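Secondary and tertiary structure notes
Listed here are the chains, written in short residue letters.
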Amino acid sequence: MRQNTNEKRLAHYFNEAQKHIALISESLGVLEPKIPIEEYESLNQLERFALNALIFRFSKLQDLIGVKIFRTYLDFSGFETAEKSFFDILKEIEKEGIVDIDSWSELRELRNKIAHEYPEEIDEMVESINLFIEKSGELVVISNRLEKKFNEIKKARSRDN
């Protein structure tokens, strides 16, 4: 019964993740002509909205993956997570070949840095913004890798039944 609940949760989470990914992609499409961004002031209003949407959706996707998907995926795949720390969860995710701990930490650190910058310092953030744009693809790959592995487990289980 618990696996069925986790399967339903994961299906819901991956549906949510795909919505974030679609909006990340749309935002990148709007920003494409300006990448790499030279200065924030050169962006028009639509490009600024796209950049803000990208940052927001990246943050939402990273939270979804880190807070909900990692743990539920591992529970679904048979790894008990009830008493495990987030670091234990990350170690197991790394063993699964989904993402290495250093890469996840870098994504998290970059996200936190962008989230805590202030508008008056925006020109000083251009390098961080460009790195953020570059790393958004990495986050999408992690989400897609998790979803693929989830579907493989589901398929294998349905063959076994």
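Residues numbered from 1 in each chain as written. Predicted model: local features only at pLDDT ≥ 70, side-chain atom pairs only at ≥ 80, totals over all residues. Heavy atoms only, no water.

**Examining the packing of helix α2 (residues 45-77) against helix α5 (residues 126-160)**
To keep things clear, this is the line we draw: In this description, a line fitted to the C-alpha atoms serves as the axis of each element, helices being fitted only across the stretch in contact, and the angle between N-to-C directions of two axes falls anywhere from 0 to 180 degrees. The helix and strand labels rest on DSSP assignments: H or I over at least four residues marks a helix, E over at least two residues marks a strand, and numbering proceeds from the N terminus. Should an angle lie under 35 degrees it is considered roughly parallel, over 145 roughly antiparallel, and from 65 to 115 roughly perpendicular; all remaining angles are considered oblique. Two helices cross in a left-handed way if the nearer one is turned anticlockwise from the farther one by less than a right angle. They cross in a right-handed way if the turn is clockwise. Lys, Arg, Asp and Glu make up the charged group, whereas Ala, Val, Leu, Ile, Met, Phe, Trp, Tyr, Cys and Pro make up the nonpolar group; the residues left over, Gly among them, are polar.
With their axes 10 Å apart at the nearest point, α2 and α5 run at an angle of 30° to one another. The orientation of α2 relative to α5 falls into the category roughly parallel. Classified by chirality, the crossing of α5 by α2 is left-handed. Partitioning the contact of α2 with α5 into residue classes produces 18 nonpolar, four polar and four charged.

**Concerning the packing of aromatic side chains**
One pair of aromatic rings is described through two measures. These are the centre distance and the angle between the planes. Defined as follows: Here a pair means two rings of Phe, Tyr or Trp (six-membered ring of Trp) with centres within 6.5 Å. Their orientation is stacked below 30 degrees between planes, edge-to-face above 60, and tilted elsewhere. Three exposure classes are used, based on accessible area relative to the maximum for each residue type with a 1.4 Å probe and protein chains only: buried under 20%, partly exposed in between, and exposed over 50%. A ring has a charge above it when a Lys NZ or an Arg CZ is no more than 6 Å from the ring centre and no more than 35 degrees off the ring normal.
One pass over the structure, following the stated rule, counts five aromatic pairs. Where Phe-14 meets Phe-150, the ring centres are 5.5 Å apart and the plane angle is 35°; that geometry is what we call tilted. Here Phe-14 is found in helix α1 (residues 2-31), whereas its partner Phe-150 is found in helix α5, with 136 residues between them in sequence. Given the relative accessible area of 1%, Phe-14 is considered buried. Feature note: the residues Phe-14, Phe-76 and Phe-150 constitute an aromatic cluster, connected by ring pairs. If you follow Arg-157 out to its NZ or CZ, it ends over the ring of Phe-76, 4.3 Å from the centre.

**Describing α5**
Formally: The length a helix should cover is 1.5 Å for every residue beyond the first. One fitted axis covers the seven residues ending at a residue, a second covers the seven starting there, and the bend at that residue is the angle between these axes.
Counted at 1.5 Å a residue, the expected span for α5 with its 35 residues is 51 Å, and the 52 Å between its end C-alpha atoms agrees. Where α5 bends most, the angle comes to about 30°, and this point is Glu-134.

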